[in-house]
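What follows is each chain in one-letter form.
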Amino acid sequence: MMATRMLAAGALAVSLHASAASAEDGPSIPFEKYRLPNGLEVILSQDRSLPLVAVNIWYHVGAANEEPGRTGFAHLFEHMMFTGSKHIARGVADKLLETAGSTDSNASTSFDRTNYFDTVPANQLELALWTHADRMGYLLDSLDQTALSNQQDVVRNERRQSYENRPYGVVDEALDHALFPPGHPYRAAIIGSHLDIQAANLADVRDFFKRYYRPNNATLTLVGDFDTAAAKRLVQKYFGSLKRGPDVPPPSVFTPELTSEKRITVSDRIELERIDLAWLTSPKFKPGDAELAIAGYILAGGKSSRLYKKLVYELQVAQEVSASQDPYALASFFEIEAVARSGHTAAELQPLIDAELARLVSEPPAVAEVETARNQLERSLYQGLQKVGARADLLNMYNHYTGDPGYLPRDIERYSRVTPADVQRVVREYLRQDARVIVLAVRGDKQLEPDPPAPRMARNGGTEAINAAESWRNTIPKAGHARVLALPAPQSFALANGLKVLYLQRPNLPIVSAQLVVDAGRAAGDPSLPGVSDFTAAMLEEGTASRTSQQLSDEMEHLGAAYESLTS
């Protein structure tokens, strides 16, 4: 949440969870789900509050679908989808969408899926559908060796930036290698290795497209300001004639349990040492997943968490600490990560972390700790749902993992059912010392894979077509009628001390957002003392006459609040 006032100002922004919800009384996202004859799933969720539409496609393919020796292939293919298609030359779609006012235009790849998304003005929905449909139906008509070689270079450079030149990047990769055995699709980094990225050939790319990038292996979700009947006609127009592909069975992968502690030391060009502790845990939405998410917040989810208080605030041996459940379809992993302060080592943090884990095993957390974690998790979820793009992605995510786009109330309910005894049980069951990986990141030389030799350039090999030519697809869709936006007017009142209060009710989500704006920004300060306004804003979180910084943090986090101070 950002201050929007143009004059110099200081602001304290707060978003908090208003109340607990259950499957019976919690909010839900209205939607309609249907399927085209070619197998494309379509999810429509109408919201006329703003003239925006989110277009979000999930292809049900990710790193879990890769073959041995082709790590990073799903991510490489994500890049290939932006190299141009039969009716839209490379770069044209981006220019058209940007000119039309598109935002949040991007794509991402995970272990379990690949998604592509845009948020466009409502009158530009047809333009976005035209773009996504042409990629789905006609990518191979223009894809050649030149495009592949270019994207291989791009992805390899991205790997250098994300893993090899980033502090702790090689540490993260070593942790994944220790958690999963060779051949497991979650073992390799999603971006892949240099050798495998470079080994991909044009035949591999075409086969991958024909197998996975077909309408029957995708779900298209639209959320926002559209007429439902008109949206259905557009979806049918652009996607209905695309040919169905072969059925794609879900990956069948066995994930062996860890039966002993693994300890690894990884040297990296870092200033501060780090310790990572990780365990294999329950898959996404399976029993134990929600309980572990709450356990993660209790351990190190915020300033009021146990490990933050002990390591960062009291003992001051750690610079930062975090803990979280990272859930996926085949397996999940729970990770605790702590960065040592200067003058301290990663190794000395382990017994302190183990002591807090042992405390959770021996006695359940307090009810207030579970409530704090639940409130924070729910507030974070609801806060994201204020944007149509986040709602579209959430509907797609629920559909992908549960088959039910309307899983939101049940998702919230699974957190509401968690008790302190449940948290104690999952910590005892999953976070055992004989079933974990410990990685110590220490300062030293970075060990990287040798760079493979430059490949021989293959012959271009021509292009290929799957779907019949349809000349009308060459025509760029025209913008529809733009709806005039009518924003609701806030109500106001003034306190006896002169403070003016503006308020606007939006009862659709159990979340409250507030800003306190003060005319005390950078322009109001003494030019000879730059930074005073920023320093003052930062001090708003550091305690008052009646509450210490820790007490403020404890109370705010228990409310489920996220807050920040900023100046402009």
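What you see is a predicted model; the values in this text were computed from it and never measured.

Draft legend 1. Up close: the sheet that holds strand E10 (residues 318–326). Spatially, E8-E12-E9-E11-E10 is the arrangement adopted by the 5 strands of the open sheet, whose pairing is mixed. Both edges of this open sheet fall to strand E8 (262–268) and E10, since each of them pairs with a single strand only. Adjacent strand axes in the sheet meet at a mean angle of 15 degrees when their direction is disregarded. Direction of pairing for strand E9 (residues 274–281) relative to strand E12 (residues 437–443): antiparallel, over a ladder of 5 bridges. Among the inter-strand pairings, isoleucine 275 is bridged to a residue of E12, identified as leucine 440. Lying over the sheet, helix H11 (residues 350–362) contacts E8, E9, strand E11 (332–340) and E12, oriented at roughly 35 degrees with respect to E9.

Draft legend 2. Spotlight on unusual backbone geometry. Non-glycine residue phenylalanine 285 carries a positive phi angle of around 70 degrees. Along the chain, phenylalanine 285 turns up in the loop between E9 and helix H9 (289–300). Judged by relative accessible area, phenylalanine 285 falls into the buried class, the value being 14%. Positioned with a positive phi, glutamine 316 is a non-glycine residue whose angle comes to about 55 degrees. Relative to the helices and strands, glutamine 316 resides in the loop between helix H10 (306–314) and E10. The exposure class of glutamine 316 is partly exposed, given its relative accessible area of 42%.

Draft legend 3. Region of the structure containing the environment of leucine 394. In this fold, leucine 394 is placed in helix H13 (residues 388–402). Owing to a relative accessible area of 10%, leucine 394 belongs among the buried residues under this scheme. Separated by 103 residues in sequence, leucine 394 and glutamate 291 have C-alpha atoms that sit 20 Å apart. The residues touching leucine 394, leaving out its near neighbours within four places in the chain, are Ile29, Leu381, Leu385 and Leu408.

Draft legend 4. The nonpolar core, seen in detail. By size, the foremost hydrophobic cluster in this structure holds 59 residues, and its most contacted members are Leu129, Tyr213, Leu222 and Phe239. Top element by residues in this core is helix H3 (residues 125–138). It accounts for 8 residues. Setting aside chain neighbours within four positions, we find leucine 129 in contact with Val55, Leu220, Leu222, Leu234, Val235, Tyr238 and Phe239. Judged by nonpolar contacts, the second largest core, of 39 residues, contains Leu299, Ala340, Ile353 and Val426.

Draft legend 5. Structural detail: helix H1 (residues 73–80). Among the 8 residues in H1, 8 count as buried, and that is most of the element. Where H1 is concerned, the buried positions are Phe73, Ala74, His75, Leu76, Phe77, Glu78, His79 and Met80. For H1, the secondary structure elements touched by its buried residues are strand E5 (103–109), strand E6 (114–121), helix H4 (145–164), helix H6 (194–199) and helix H7 (202–212).

Scoring rules and cut-offs
Residues numbered from 1 in each chain as written. Predicted model: local features only at pLDDT ≥ 70, side-chain atom pairs only at ≥ 80, totals over all residues. Heavy atoms only, no water. Pairing = 2+ DSSP bridges. Helix = DSSP H or I, 4+ residues; strand = E, 2+ residues; numbered from the N terminus. Axes fitted to C-alpha atoms, helices over the stretch in contact; angles between N-to-C directions. Contact = heavy atoms within 4.5 Å. Buried < 20%, exposed > 50% of the residue type's maximum accessible area, 1.4 Å probe, protein only. Core = buried A, V, L, I, M, F, W, Y, C linked by side-chain atoms within 4.5 Å.

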